[in-house]
Amino acid sequence: MTEIPYRYEPTARAAELKEEFSALEPGSETGRVVTVAGRLMLRRVQGKLAFGTLQDGTGRIQLFAPSATTPDFDAFGSLSLGDWIGVTGEVMTTRRGELSVRVDEWVTLAETRRPFPDKWHGLSDPDTRYRQRYVDFWVTDEARAAIALRSRVMSLTRRFLEDRAFIEVETPVFHPVAGGAAAKPFVTHHNALDVDLFLRIAPELYLKRLVVGGFERVFEIARVFRNEGLSPRHQPEFTMLELYQAYADYGDMMAITEELVAHLATELCGGTKLSYGGRELDLTMPWRRASMTDLIEEIAGVRVDVRMPIDDLRRIALEHGVTIEDGWGPGKLVLEIYEKTTESELWGPVFVTDYPREVSPLSRDHRELPEMVERFEGIVAGRELCNAFSELIDPATQRARFEEQAAQAAAGDEEAAAVIDEDYVRALEYGLPPTGGLGIGMDRLVMLLADIATIRDVVAFPTLRPEVF
């Protein structure tokens, strides 16, 4: 077996070499000796010459191996596609002008024990792509690019918020009470404490505890977990940006949302006008603001209102293909009508404002509209990108909303909070100032900026049914 070194020290990377020597004439030598390392993605032997394509984390560079000067030429020519190798040699160009590193020294860094896919054909089976991402990333440029862009999105988002005096915090993943969003949680058990705990469905309630504690601007880029189905937009674990700002309301949250998205689009896509799914999308500020009921009327041609007789709302819902469940009140019916008829038709971007109180247990009552709350969702390309409120700050009202949720859970709603979070109510009793809160689905934001249709392509290792070996 080949002796594998314990460490190796490259002195150059493929992209750097291509940038530095892009103007080198064919048949040139530079006198510059470098050490490069990566996977061997292509290889061909032509008599007394061998050529290879080395790929590292930045790109690809050709290897030029003459038999007269390449140590153990036959072994080099017999390397398997996918082998990791290190090469030291002079930077030069071939007679055809291909920038190359001459193989003056080389070493195997890892052998592939399985057949490696051809670079130009890649992995054709989608299931194999997602299960074997460690291979997919090498043979599918778009897969690597999506993860690299995701990293830039997270980094730029942090800098954007820190420049506005937000501090990044970390809150618990294990929650004694499931809350902060309407979703079915995952349940686990802590043996030492002998208690059931819930994987967080949102960091919201802990972040607002921090505002009560005097941290006026906080954010968390949080991994959250929801025991729901899979779709091109849904994974049971995903990444959410949540931020809370004291002395702000949902209007301030609209401003920071469109500023952040426009900033990311400009930095990563070159501007706020881009294409998604073959259709133009303009993220230029300001985004449109429109109420949920106005948009329903605009798209579906029907006027609804939470103050309408509930039988009329049920009839309208049925006429538009909504399957009604027992216990739904007028607010839930209006929301379901909107989601069935209108949301997917909104190319946007648009802030859909003024949600029914019934479906918004953590939002503050609207200052003008009865039975409504100050909440919006940002809809871009027909899907929800973000959700935000003027936060509910009154502890008595919050307790009453929690009690309503518990009653809905007792009636069979698996997404409603079944237990009142007494500690959160207690925190509110110490005083939460007027606060604006915002949650952005970071996976969907990456999908938008990368022009990718499915969430699996922007997650390094998506959730799949376990493989049988």
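Please read these numbers as outputs of a predicted model, since none were measured by experiment.

Definitions and limits used
Residues numbered from 1 in each chain as written. Predicted model: local features only at pLDDT ≥ 70, side-chain atom pairs only at ≥ 80, totals over all residues. Heavy atoms only, no water. Helix = DSSP H or I, 4+ residues; strand = E, 2+ residues; numbered from the N terminus. Buried < 20%, exposed > 50% of the residue type's maximum accessible area, 1.4 Å probe, protein only. Contact = heavy atoms within 4.5 Å. Salt bridge = Lys/Arg side-chain N within 4 Å of Asp/Glu carboxyl O. Axes fitted to C-alpha atoms, helices over the stretch in contact; angles between N-to-C directions. Parallel < 35°, antiparallel > 145°, perpendicular 65-115°, else oblique. Left-handed = near helix turned anticlockwise from the far one by under 90°. Nonpolar A, V, L, I, M, F, W, Y, C, P; charged D, E, K, R; others polar. Polar contact = N/O pair within 3.5 Å; in protein donor to acceptor, adjacent residues only side chain to side chain. Core = buried A, V, L, I, M, F, W, Y, C linked by side-chain atoms within 4.5 Å. Pairing = 2+ DSSP bridges.

**Q** Talk me through the overall build of the protein; I want residue IDs and the actual numbers.
**A** Check the secondary structure of the protein and you find 13 helices and 19 strands. Burial statistics for the protein: of 469 residues in total, 50% are counted as buried. Partitioning the contacts of the protein with sequence separation of at least 6, the portion at a separation of at least 24 is 64%.

**Q** Account for the environment of Val-459, with residues named and values stated.
**A** As for its placement among the helices and strands, Val-459 is situated in the segment after helix 13 (442-450). Exposure remark for Val-459: the relative accessible area of 4% places this residue in the buried category. C-alpha of Val-459 to C-alpha of Ala-146: the two residues are 313 residues apart in sequence and 8.5 Å apart in space. When sequence neighbours within four positions are dropped, the list of residues in contact with Val-459 reads Arg-133, Ile-147, Arg-150, Arg-223 and Asp-443.

**Q** Give a detailed account of the pattern of salt bridges, specifying residues and quantitative values.
**A** Two side chains of opposite charge can pair, provided their charged atoms sit close to one another. Evaluated as defined, the whole model comprises 36 salt bridges. Of the charged contacts in the structure, one is a salt bridge between Asp-136 and Arg-129, with a shortest N-O distance of 3.0 Å. Grouping residues by exposure puts Asp-136 and Arg-129 together as buried. With a shortest N-O distance of 3.1 Å, Asp-365 and Arg-357 are connected by a salt bridge. Exposure remark for Asp-365: the relative accessible area of 34% places this residue in the partly exposed category.

**Q** Go over the side chain of Arg-209 with me, naming the residues and quoting the values.
**A** As for its position among the elements, Arg-209 is in helix 6 (residues 204-212). Accessibility expressed as a relative area gives 15% for Arg-209, which makes it buried. With sequence-adjacent residues up to four places away left out, Arg-209 is seen in contact with Asp-421, Asp-423, Tyr-424 and Ala-427.

**Q** A description of the packing of helix 5 (residues 141-162) against helix 7 (residues 250-269) should follow, citing residues and the corresponding values.
**A** Contact pair helix 5 / helix 7: the axes reach a minimum separation of 10 Å and the direction vectors enclose 135 degrees. In this view, helix 5 runs oblique relative to helix 7, as classed from their interaxial angle. The way helix 5 lies across helix 7 gives a crossing that is right-handed. When helix 5 is examined against helix 7, the residues Leu-149, Arg-152, Val-153, Leu-156, Thr-157, Phe-160 and Leu-161 are found in contact with a partner set consisting of Ile-256, Glu-259, Leu-260, His-263, Leu-264, Glu-267 and Leu-268. Of the residues in the contact of helix 5 with helix 7, the class split is 9 nonpolar, 2 polar and 3 charged.

**Q** Got a sec to walk through the environment of Arg-456? Specific residues and values, please.
**A** Residue position: Arg-456 is located in the segment after helix 13. Each C-alpha atom, one on Arg-456 and one on Ser-231, is 9.1 Å from the other, the two residues being 225 residues apart in sequence.

**Q** Could you give an account of the side chain of Glu-377, naming the residues involved and the relevant values?
**A** For Glu-377, the position within the fold is in strand 17 (residues 372-380). Here Glu-377 falls in the buried class, since its relative accessible area comes to 5%. At 3.1 Å, the side chain of Glu-377 and the side chain of Arg-375 are in polar contact.

**Q** Before we move on, can you summarise the nonpolar core with the specific residues and values?
**A** Of all hydrophobic cores here, the largest spans 46 residues; its most connected members are Leu-241, Leu-243, Leu-283, Phe-376, Leu-438, Ile-440 and Leu-445. The leading source of residues in this core is helix 7, at 8 residues. When neighbours within four sequence positions are excluded, Ile-440 is seen to be in contact with Thr-239, Met-240, Leu-241, Leu-260, Leu-385, Cys-386 and Leu-445. Among the nonpolar cores identified, the runner-up in size contains 25 residues, and Ala-290, Met-292, Ala-317 and Val-359 belong to it.

**Q** Describe in detail the sheet that holds strand 19 (residues 435-441), supporting the description with residues and values.
**A** Sheet strands line up and pair through hydrogen bonds in the backbone, either parallel or antiparallel. In spatial order, the strands read 7-11-12-19-18-17-16-15; together these 8 strands make up an open sheet with mixed pairing. If you trace the sheet from one side to the other, it starts and ends with strand 7 (167-168) and strand 15 (288-291), each paired once. Relative to strand 17, strand 16 (residues 350-356) runs antiparallel, the two being bridged by 6 bridges. The partner of Phe-351 across the bridge, within strand 17, is Gly-378. Set on the sheet, helix 8 (residues 292-300) makes contact with strand 15 and strand 16; between it and strand 15 the angle comes to about 90 degrees.

Interpretation note: all reported values are geometric properties and have no functional meaning in isolation.
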